[in-house]
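Notes for the structure review
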Amino acid sequence: MTATARYSLMIHGGAGALDNVKDQKTAVRYLDSVQRILEHGREVLELGGSALQAAEQCASLLEDDPIFNAGCGSVLNEDGHVEMDAAIMDGRTLGAGAVAAIDGIANPVQLARLVMTESEHVMLIADGAMRFADHCGVERVPASYFYTEDRIAQLKEARLRHKMMLDHESPEDCVCEDQKYGTIGAVAYDMEGNLAAATSTGGIVNKRQGRVGDSPIVGAGVYADNETCAVSTTGYGEEFMRTVIAKTISDFIYMKELDAEEATRAGIDYLRRKVNGRGGMIVIDNQGRCASGMTTKKMIHGWIEHGGEAVVRF
Ligand code: ASP
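Just so it is clear, the structure is predicted and the values come from calculations on it, not from any experiment.

**Remarks on a nonpolar patch on the surface**
On the surface, Val122, Met123, Ile125 and Val218 cluster together to form a nonpolar patch covering roughly 290 Å² of accessible area. Secondary-structure assignment places Met123 in strand β4 (residues 123–125). For Met123, a relative accessible area of 31% translates into the label partly exposed.

**Observations concerning empty space enclosed by the protein**
One way to see where empty space is left: roll a probe the size of a water molecule over the atoms. With the rule as written, the count across this model stands at one cavity of 30 Å³ or more. If you trace the largest cavity, you find twelve residues lining it, with Thr183, Thr201, Gly203, Ile204 and Gly235 closest to the centre. Each residue belonging to the lining of the largest cavity can be placed in one class, and the counts come to two nonpolar, eight polar and two charged.

**Topic: the sheet that holds strand β8 (residues 222–224)**
By definition, the strands of a sheet pair up through backbone hydrogen bonds, in either a parallel or an antiparallel sense. Spatially, the four strands line up as an open sheet ordered β8-β9-β10-β11, and their pairing is antiparallel. Each edge of the open sheet is held by one strand with a lone partner, namely β8 and β11 (290–294). The sheet shows a mean angle of 10° between the axes of neighbouring strands, direction not considered. Of the pairings in the sheet, the one linking β8 to strand β9 (residues 229–235) comprises three bridges and is antiparallel in character.

**Overview of the pairing of strand β13 (residues 310–313)**
Walk down a regular strand and you will see the side chains alternate between the two sheet faces. Alternating positions in β13 separate cleanly, Ala310 and Val312 being buried on one face and Val311 and Arg313 remaining unburied on the opposite face. As defined by bridge partners, strand β12 (residues 298–304) adjoins β13 across four bridges and the pair is classed as antiparallel. Its bridge partner lying in β13, Ile304 is registered against Ala310. Hairpin remark: β12 followed by β13, antiparallel, with five residues in the connecting loop; positive phi at His306, about 50°.

**Brief notes about the nonpolar core**
Most often, soluble globular proteins keep nonpolar side chains buried together rather than apart. Formed by 36 residues in total, the largest nonpolar core has its most connected members in Met10, Val187, Val231, Ile249, Met281, Val283 and Ile284. At six residues, the largest contribution of residues to this core is made by helix α8 (residues 260–275). Not counting residues up to four positions away in its chain, the partners in contact with Val187 are Ser8, Leu9, Met10, Ala196, Ala197, Ala230, Val231, Ser232, Ile282 and Ile284. Val21, Val34, Cys58 and Ile304 belong to the second-largest nonpolar core, a separate cluster that totals 35 residues.

**Side note on the packing of aromatic side chains**
A complete count under the given rule lists four aromatic pairs for this structure. Centroid distance Tyr30 to Phe314: 6.4 Å. Interplanar angle 70°. Geometry classified as edge-to-face. With Tyr30 in helix α1 (residues 24–46) and Phe314 in the segment after β13, this residue pair connects regions lying 284 residues apart in the sequence. In this structure Tyr30 comes out as buried when scored by relative accessible area, which is 4%. Here Phe314 falls in the partly exposed class, since its relative accessible area comes to 28%. Among the aromatic residues, those joined into a ring-pair cluster are Tyr30, Phe68 and Phe314.

**Description of the side chain of Asn194**
Within the secondary structure layout, Asn194 lies in the loop between β6 (184–189) and β7 (195–201). Note on Asn194: relative accessible area 11%, which makes it buried. A distance of 2.8 Å separates the side chain of Asn194 from the side chain of Asn226, its partner in a polar contact. If near-sequence neighbours (up to four positions away) are discounted, Asn194 is found in contact with Ala51, Arg92, Ala188, Tyr189 and Asn226.

**Some details on the pattern of salt bridges**
Enumeration according to the criterion identifies nine salt bridges in this entry. Close ionic contact of Asp285 with Arg289 constitutes a salt bridge, the shortest N to O distance being 2.6 Å. Under the relative-accessibility criterion, Arg289 is labelled partly exposed at 33%.

Thresholds applied
Residues numbered from 1 in each chain as written. Predicted model: local features only at pLDDT ≥ 70, side-chain atom pairs only at ≥ 80, totals over all residues. Heavy atoms only, no water. Patch = residues over 30% accessible without salt bridge, like charges linked within 9 Å, V, L, I, M, F, W, Y side chains within 5 Å. Areas by Shrake-Rupley, 256 points an atom, 1.4 Å probe, with all protein chains shown as cover. Salt bridge = Lys/Arg side-chain N within 4 Å of Asp/Glu carboxyl O. Helix = DSSP H or I, 4+ residues; strand = E, 2+ residues; numbered from the N terminus. Buried < 20%, exposed > 50% of the residue type's maximum accessible area, 1.4 Å probe, protein only. 1 Å grid on protein atoms, 1.4 Å probe; cavity = no way out; pocket = protein on both sides within 12 Å on 5 of 7 lines; lining within 4 Å. Points joined across faces, edges and corners; volume = space filled by probe spheres on them. Nonpolar A, V, L, I, M, F, W, Y, C, P; charged D, E, K, R; others polar. Pairing = 2+ DSSP bridges. Axes fitted to C-alpha atoms, helices over the stretch in contact; angles between N-to-C directions. Core = buried A, V, L, I, M, F, W, Y, C linked by side-chain atoms within 4.5 Å. Contact = heavy atoms within 4.5 Å. Phe/Tyr/Trp six-rings, centres within 6.5 Å; stacked < 30°, edge-to-face > 60°. Polar contact = N/O pair within 3.5 Å; in protein donor to acceptor, adjacent residues only side chain to side chain.

In C-alpha cells:
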C-alpha cells in the first residue's frame, strides 16, 4: 500500500475500425455510456471501494448496455446463439475467476467473480458453469434478453463474408478490418494501491460453436498483479492468446521496470511483430498510471487517472 495512493480507473468498449459509428448521434451514445460508467466507478473508489469492486461494477454496467458486445449486447455465433466469456482478477492475491461459453446470464463477470470466491476453481465452462450459477442462485434471463435485430443482421453479414473468405481461401478475409470487436473491460487501482481487472465478451460474430477467445483466459485477455499492473484486452482473441499479451505486458513491468505507457508500447510492438495482432488494451500500473494501446484504427475507452477528470476517447 502506498500512503499517497489515489485511485485510477480505465474502461473499454472494444476495438476495431468502428465503422458502425458513422454519425454523431451514435458516437455520442458510446461516449456518454463510457463517461457515465467511469463516473460510477469513481464513486465506488472515492467511497473506499476496492479495485475489484470497481472493476466488477463497471464491467457489469458495460454488460448491461446493448451497444457493447458483452452481456445483453453479445454477438451471435455460427448457430445464431449467444456464447459469452468473462473473467475477473484480483491483483492482491492473483485470485481469478472465469466462465466461458455461457448463455442466459445477464452479467457473466459476476458469475466469474463467484467462480473466484465460491469455488475452488479458476474457470468453469458451458453446462458446468450454468450448473454452478444455479448452485449460487444466479438468476437466468430469457433468450429475448439478448437477441436484437442488429445482432441478427450482423450475423447475416458475417455469414456472407465467411462465404467470401472460403471462396478466396484467405484467412485475412475472415475478420475484416471493419468488424467491431466490441468486448468490454475495466481495470482499477484503489486508494489502497490494489489493482484488479475484468473482461467480458460475446466473442466474435459468426464464431464456431464452442470457440473460446482470450477474454476469459488469465494472462491473455485479463491480468492483475499488485506488483506490476492490471490489463484488459480487446481484439482478435486468438492472437492475444498466442502472445499471452496481458501477462507479457505485466512481465515487461516486472522484468524491465517499465511504466504503464512503456509496457503498453512494448506490448503493442510484440503483438504486431509476432502475430500481426488486431486489437487493443487498457493498462494501469502499480503507481496508478494509465495507458492504452491499439493496432486497430480505434478503441472506445476512457480513464480517470489519480482521481482527475474523466477522459473518453475513440
Ligand atoms: N477478444 C474477444 C474475443 O476474441 C473479441 C473482442 O475483443 O471483441 O472473443
